[in-house]
Amino acid sequence: MATTAGLRDAAAPLEKIPLETYVPPAKPSLIGLSRAELAARLGELGVPERQQKMRVQQLWHWIYFRGAQSFDEMSSVSKDTRTALAARFTVDRPEVVAEQISNDGTRKWLLRLPSGDDLQKAHEVECVYIPETDRGTLCVSSQVGCTLNCAFCHTGTQRLVRNLTAGEIVGQIMVARDRLNDWADRETPLGNRLVTNIVMMGMGEPLYNFDAVRDALLIVSDNEGIGISRRRITLSTSGVVPNIKRAGEEIGVMLAISLHAVRDELRNELVPLNRKYPIAELLQACRDYPGASNARRITFEYVMLKGVNDSLDDARLLVKLLKGIPAKINLIPFNPWPGSAYECSDWEQIEKFSEYVFNAGYSSPVRTPRGRDILAACGQLKSETEKLSARERQALRAMAMTD
Ligand code: SAH
Ligand code: SF4
């Protein structure tokens, strides 16, 4: 089982490497490619079609099961193929440029990626590992920044926005396994993994980067590779209604909805995407979510903001709204960040709210804030120091709404 104490000789913390030293990758990485795409690359190298399937199996095993960091390690692949691959490609992950370790064992990695348009420039995202007694959860980012500007979220204040590629999303899980020494080998039998669960709850709105998130999660859940089952992967969305159904059909992972308010007026303010997809439409999409059942409940996330959304009236309406949906409710104490306008609800109020919801028949755990001291808790992630002006935030918001 994964425990903090169980961290095998994981790498020591890393001081931040200065941005000026950034060198963009010279060759593309194979990480993030599906089996069909790997076969196509092998075809380009002259590997005959009849051999491609077998070679793809080998590569898949080395890349996604063993976590090989170079073609040299891939001893079952013929030497010629290895040389040809190494001339054109790498198996590099996003570069880890800083690592912070919280006093509760949470680890946060800052990853550097090439910028989409100007390859000499770099972007950065964060990824967080949260060890618990019975599991280890990796919180993965889907975008650099976020276009949606939820009022209480640090990520929404970030200027730069670009979608991550499937490789950069899978790469985060690979980086975590590298840093935690968590690949399958003789010392790490399969049942003793540290990273057991994935939550798409880092920076960005995963359903605004649908294709890359889908492709990445299909790779991550492939049981001949990284092998984290779909039931252990949760995708959190602020409510991109048209893509919720697609997520159920094409990805099939667990769904979490960032609800945070039970009246449209307040939700419009807290989660501005609500103006485009109001509560009733969002909940209908949840009722229709393929695969939702009592065994596979939808999680409703609800950030506790003092005096804003934390009254017992809110709790009552919440229970009423969720009627008929296989749901659990996750109360998140608000995590403050520099300049945030809200306060976390008092503990007593959180307990009362939780009790009400629990008595109405819903599981209502309060999410223990983890890694607050290193700004790794929910909504605290942010990789650029530049802040948006009020006008820029408004413009971005309008852009996101017209997508
Ligand atoms: N963009 C997606 C996933 C990332 S956010 C989404 O919004 O669902 C993961 C969760 O943290 C969301 O429920 C989000 O609303 C919540 N969150 C954001 N800022 C927070 C903060 N400061 N304190 C607590 N939770 C926060
Ligand atoms: Fe984006 Fe989610 Fe933060 Fe809202 S809560 S700004 S959708 S990352």
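Structure first, text after, so check above.
Everything numeric in this text was worked out from a predicted model, so none of it was measured.

How each quantity is defined
- Residues numbered from 1 in each chain as written.
- Chains lettered and ligands numbered in written order.
- Predicted model: local features only at pLDDT ≥ 70, side-chain atom pairs only at ≥ 80, totals over all residues.
- Heavy atoms only, no water.
- Helix = DSSP H or I, 4+ residues; strand = E, 2+ residues; numbered from the N terminus.
- Buried < 20%, exposed > 50% of the residue type's maximum accessible area, 1.4 Å probe, protein only.
- Contact = heavy atoms within 4.5 Å.
- Areas by Shrake-Rupley, 256 points an atom, 1.4 Å probe, with all protein chains shown as cover.
- Salt bridge = Lys/Arg side-chain N within 4 Å of Asp/Glu carboxyl O.
- Pairing = 2+ DSSP bridges.
- Axes fitted to C-alpha atoms, helices over the stretch in contact; angles between N-to-C directions.
- Arc of directions from axis to C-beta.
- Near = heavy atom within 4 Å.
- Polar contact = N/O pair within 3.5 Å; in protein donor to acceptor, adjacent residues only side chain to side chain.
- Nonpolar A, V, L, I, M, F, W, Y, C, P; charged D, E, K, R; others polar.
- Phe/Tyr/Trp six-rings, centres within 6.5 Å; stacked < 30°, edge-to-face > 60°.
- Lys NZ or Arg CZ within 6 Å of the ring centre and 35° of its normal.

Caption draft 1: Seen up close, the overall build of the chain. Per the secondary structure count, the chain includes eleven helices and eleven strands. Buried residues in the chain amount to 55% of all 403 residues. Of all intrachain contacts in the chain linking residues separated by at least 6 positions in sequence, the fraction that spans at least 24 positions is 70%. Just so you have it, the chain exposes about 17,700 Å², and 51% of that area is on carbon and sulfur atoms.

Caption draft 2: Local environment of the pattern of salt bridges. Per the stated rule, a full pass over the model turns up 23 salt bridges. Arginine 367 is the partner of glutamate 301 in a salt bridge, and the nearest nitrogen-oxygen pair spans 3.2 Å. Of the two residues, glutamate 301 sits in strand β10 (residues 298–304) while arginine 367 sits in the loop between α10 (347–359) and α11 (390–401), which places them 66 residues apart along the sequence. Under the relative-accessibility criterion, glutamate 301 is labelled buried at 3%. On the basis of relative accessibility, which here comes to 18%, the residue arginine 367 falls in the buried class. Look at the salt bridges and you will find they share partners, linking Asp211, Arg214, Asp215, Arg246 and Glu250 into a network.

Caption draft 3: Structural detail: the sheet that holds β10. Taken in spatial order, the nine strands line up as β1-β2-β3-β4-β7-β8-β9-β10-β11 in an open sheet, and their pairing is mixed. Across the chains shown, the open sheet's two edge strands, defined by having one partner strand only, are β1 (95–101) and β11 (327–333). Strand-to-strand, the axes of this sheet are offset by a mean angle of 20°, without reference to chain direction. Inspection of the sheet shows strand β2 (residues 107–114) paired to strand β3 (residues 122–131) by eight bridges, in the antiparallel sense. When the sheet's bridge partners are listed, tryptophan 109 is paired in β3 with cysteine 127. Packing against the sheet, helix α4 (residues 166–179) makes contact with β1, β2, β3, β4 (136–139) and β7 (197–200), and its axis sits at approximately 135° to β2. On top of the sheet, α10 reaches β10 and β11; it is set at about 180° to β11, its chief contact.

Caption draft 4: Highlighting helix α3 (residues 79–88). Regarding α3, the residues found buried are Thr81, Arg82 and Leu85. Around the axis of α3, the buried residues are gathered within 100° of arc, so they sit on the same side. Seen from the buried face of α3, the exposed residues on the opposite side, beyond 90 degrees, are Lys79, Asp80, Thr83 and Ala87. Contacts from the buried residues of α3 go to α1 (35–44) and α2 (49–65).

Caption draft 5: Main features of the environment of lysine 320. Structurally, the position occupied by lysine 320 is in helix α9 (residues 312–321). On a C-alpha basis, the gap between lysine 320 and alanine 360 in space is 9.5 Å, while along the polypeptide they are 40 residues apart.

Caption draft 6: Representation of the site of ligand 1. Around ligand 1, the surrounding shell holds 21 residues, and the nearest of these are Gly204, Ser236, Ser258, His260 and Asn335. Contact between ligand 1 and glycine 204: a nitrogen atom at 2.8 Å from a main-chain N or O atom of the residue. Contact distances for ligand 1 include 2.9 Å between a nitrogen atom and a backbone N or O atom of asparagine 335. In the complex, the protein chains occlude 96% of the 530 Å² of accessible area that ligand 1 would expose alone. Secondary structure elements with two or more residues in the shell around ligand 1: β8 (233–237), β10 and β11. Its residues assigned to classes, the shell around ligand 1 shows ten nonpolar, nine polar and two charged.

Caption draft 7: Structural context of the side chain of aspartate 182. The topology assignment puts aspartate 182 in the loop between α4 and β7. One polar contact links the side chain of aspartate 182 to the main-chain amide nitrogen of valine 195, over a distance of 2.9 Å.

Caption draft 8: Main features of the environment of serine 78. Along the chain, serine 78 falls in the loop between α2 and α3. Put simply, serine 78 and arginine 55 are 23 residues apart on the chain and 9.1 Å apart in space, counted from C-alpha to C-alpha.

Caption draft 9: View of the side chain of asparagine 309. Inspection of the secondary structure puts asparagine 309 in the loop between β10 and α9. Only 2.7 Å separates the side chain of asparagine 309 from the backbone oxygen of valine 303, close enough to count as a polar contact. With sequence-adjacent residues up to four places away left out, asparagine 309 is seen in contact with His260, Leu266, Leu270, Tyr302, Val303, Met304, Asp314 and Phe353.

Caption draft 10: Main features of the packing of aromatic side chains. A full pass over the atoms with the stated rule returns three aromatic pairs. Between arginine 35 and the ring centre of tryptophan 60, over which it is positioned, the NZ or CZ distance is 4.2 Å. Positioned over the ring face of tryptophan 183 is arginine 177, at 5.6 Å from the centre of the ring.

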